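What follows is each chain in one-letter form.
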Amino acid sequence: MKKLVVFASGSGSNFQAIIDAVKQKKLNVEIAGLITNRDKIGAIDRAIKNRIPFQVVQVSDDELFAKRLAELLHQWQPDLIILAGFLKKIPSEIVSAYPDKIINIHPALLPKFGGKGFYGLRVHKAVLESGDAVTGCTVHFVDNEYDCGQIIEQIEVPVFASDSPESLAKRVLKAEHELLPSVINNLINKTN
Ligand code: GRF
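Draft legend 1. Here's a closer look at the sheet that holds strand E6 (residues 134-141). Across the sheet, which stays open at both edges, the seven strands sit in the order E3-E2-E1-E4-E5-E6-E7 with mixed pairing between neighbours. Edge strands, defined here as strands with exactly one partner in the open sheet, are strand E3 (54-56) and strand E7 (151-158). Taken pair by pair, the neighbouring strands of this sheet meet at an average axis angle of 20 degrees, ignoring direction. Sheet topology note: the strand E5 (residues 102-106)/E6 ladder contains four bridges and is antiparallel. By the bridge assignment for E6, His106 is matched with Thr138.

Written out as structure tokens, the structure is:
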């Protein structure tokens, strides 16, 4: 069975969407492990609850950070690496070691509202300020620039005049939970 490793830094609702898709047999993969760069986060609670191995990698030295990630990935041997709200840049050594095997989910229609500093509610605030009537979410391959790799798939989400960044974030997140497991499924089946 194909294996995934998920990276997360926050509540892990996208991680949960993957777990649920596996449980519902919509996704035929093994989640080999979770890597986080913070402790006491929702994503870890979800890993514990679902008996998924996890490792917290809190290393400020760049070289050691890359080394630790490389060790874990070597141990878990993923076919696909999923960045699901991981707020630290993936070292270039890791990007080159896993070509076309690292994907990220972003809560906007890239190339709009992406890049350094565009994360969390900041993205949705910027969308509202732009006056755009449509936003969405994007899954893309990861390269060495933030949010710049090749776009795999997007879902559009309407923006309403009454929206706050929070209400917009909630609507986009719902679409993310649909998009991410579906893209993983397509990629896994492609490499069969
Ligand atoms: C999501 O909006 C995702 O697009 C972004 O970070 C957020 C993570 O949310 N990269 P969660 O931790 O999966 O709930």
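Draft legend 2. Here's a closer look at the nonpolar core. Phe15, Ile18, Ile82, Ile103, Leu180 and Ile184 are the most contacted members of the largest nonpolar core, which totals 40 residues. Looking at this core element by element, the count peaks at nine residues for helix H6 (residues 165-190). Beyond its immediate stretch of four places on either side in the chain, Ile82 contacts Leu4, Val5, Val6, Phe7, Ile18, Ile103, Leu180 and Ile184. With 19 residues, the next largest nonpolar core counts Val5, Leu69, Ile81 and Ile94 among its residues.

Draft legend 3. Fine view of the packing of helix H1 (residues 13-23) against helix H2 (residues 42-49). At a minimum axis distance of 9 Å, the contact between H1 and H2 shows a crossing angle of 20 degrees. One element, H1, and the other, H2, form an angle in the roughly parallel class. On the side of H1, the interface is formed by Ser13, Phe15, Gln16 and Ile19, while H2 contributes Ala43, Arg46 and Ala47.

Draft legend 4. Quick peek at the site of the ligand. As a matter of local geometry, the ligand sits amid Gly10, Ser11, Gly12, Ser13, Asn14, Gly85, Ile105, His106, Pro107, Leu173 and Glu176. In this structure, a nitrogen atom belonging to the ligand sits 3.0 Å away from a main-chain N or O atom of Ile105. Here the ligand has 370 Å² of accessible area as a free molecule, and 82% of this is covered by the chains. Residue assignment for the shell around the ligand shows that the elements contributing at least two residues are H1, E5 and H6. When the residues that make up the shell around the ligand are grouped by side-chain class, the tally is three nonpolar, seven polar and one charged.

Draft legend 5. Up close: the side chain of Thr135. Mapping Thr135 onto the fold places it in strand E6. Residue classification places Thr135 among the buried positions, given a relative accessible area of 2%. Residues in contact with Thr135, not counting those within four places in the same chain, are Pro107, Ala108, Leu109, Val127, Ile155, Glu156, Val157, Val159, Leu168 and Val172.

Draft legend 6. Fine view of H2. By the burial criterion, the buried members of H2 are Ala43, Ile44 and Ala47. The buried residues of H2 all sit within an arc of 100 degrees when viewed along its axis, so they share a single face. In H2, the exposed positions angled more than 90 degrees off the buried face are occupied by Ile48 and Lys49. Of the surrounding secondary structure, the elements contacted by the buried residues of H2 are strand E1 (2-8), H1, strand E2 (29-36) and E3. In the segment just after H2, Arg51 is the residue with positive phi, at about 55 degrees.

Draft legend 7. Local environment of the packing of aromatic side chains. Applying the stated criterion across every chain, the model contains two aromatic pairs. Measuring from ring centre to ring centre gives 5.1 Å for Phe7 and Phe86, while their planes differ by 85 degrees; the resulting arrangement is edge-to-face. One end of the pair, Phe7, is in strand E1; the other, Phe86, is in the loop between strand E4 (80-83) and helix H4 (92-97), with 79 residues separating them in the sequence. Relative to Phe118, the ring of Phe113 has its centre 6.3 Å away and its plane inclined at 80 degrees; by these criteria the two rings are edge-to-face. Given the relative accessible area of 29%, Phe118 is considered partly exposed. Sitting over the ring of Phe65, Lys88 keeps its end group 4.5 Å from the ring centre.

Cut-offs and rules
- Residues numbered from 1 in each chain as written.
- Predicted model: local features only at pLDDT ≥ 70, side-chain atom pairs only at ≥ 80, totals over all residues.
- Heavy atoms only, no water.
- Pairing = 2+ DSSP bridges.
- Helix = DSSP H or I, 4+ residues; strand = E, 2+ residues; numbered from the N terminus.
- Axes fitted to C-alpha atoms, helices over the stretch in contact; angles between N-to-C directions.
- Core = buried A, V, L, I, M, F, W, Y, C linked by side-chain atoms within 4.5 Å.
- Buried < 20%, exposed > 50% of the residue type's maximum accessible area, 1.4 Å probe, protein only.
- Contact = heavy atoms within 4.5 Å.
- Parallel < 35°, antiparallel > 145°, perpendicular 65-115°, else oblique.
- Near = heavy atom within 4 Å.
- Polar contact = N/O pair within 3.5 Å; in protein donor to acceptor, adjacent residues only side chain to side chain.
- Areas by Shrake-Rupley, 256 points an atom, 1.4 Å probe, with all protein chains shown as cover.
- Nonpolar A, V, L, I, M, F, W, Y, C, P; charged D, E, K, R; others polar.
- Arc of directions from axis to C-beta.
- Phe/Tyr/Trp six-rings, centres within 6.5 Å; stacked < 30°, edge-to-face > 60°.
- Lys NZ or Arg CZ within 6 Å of the ring centre and 35° of its normal.

Nothing here speaks to function; it is geometry throughout.
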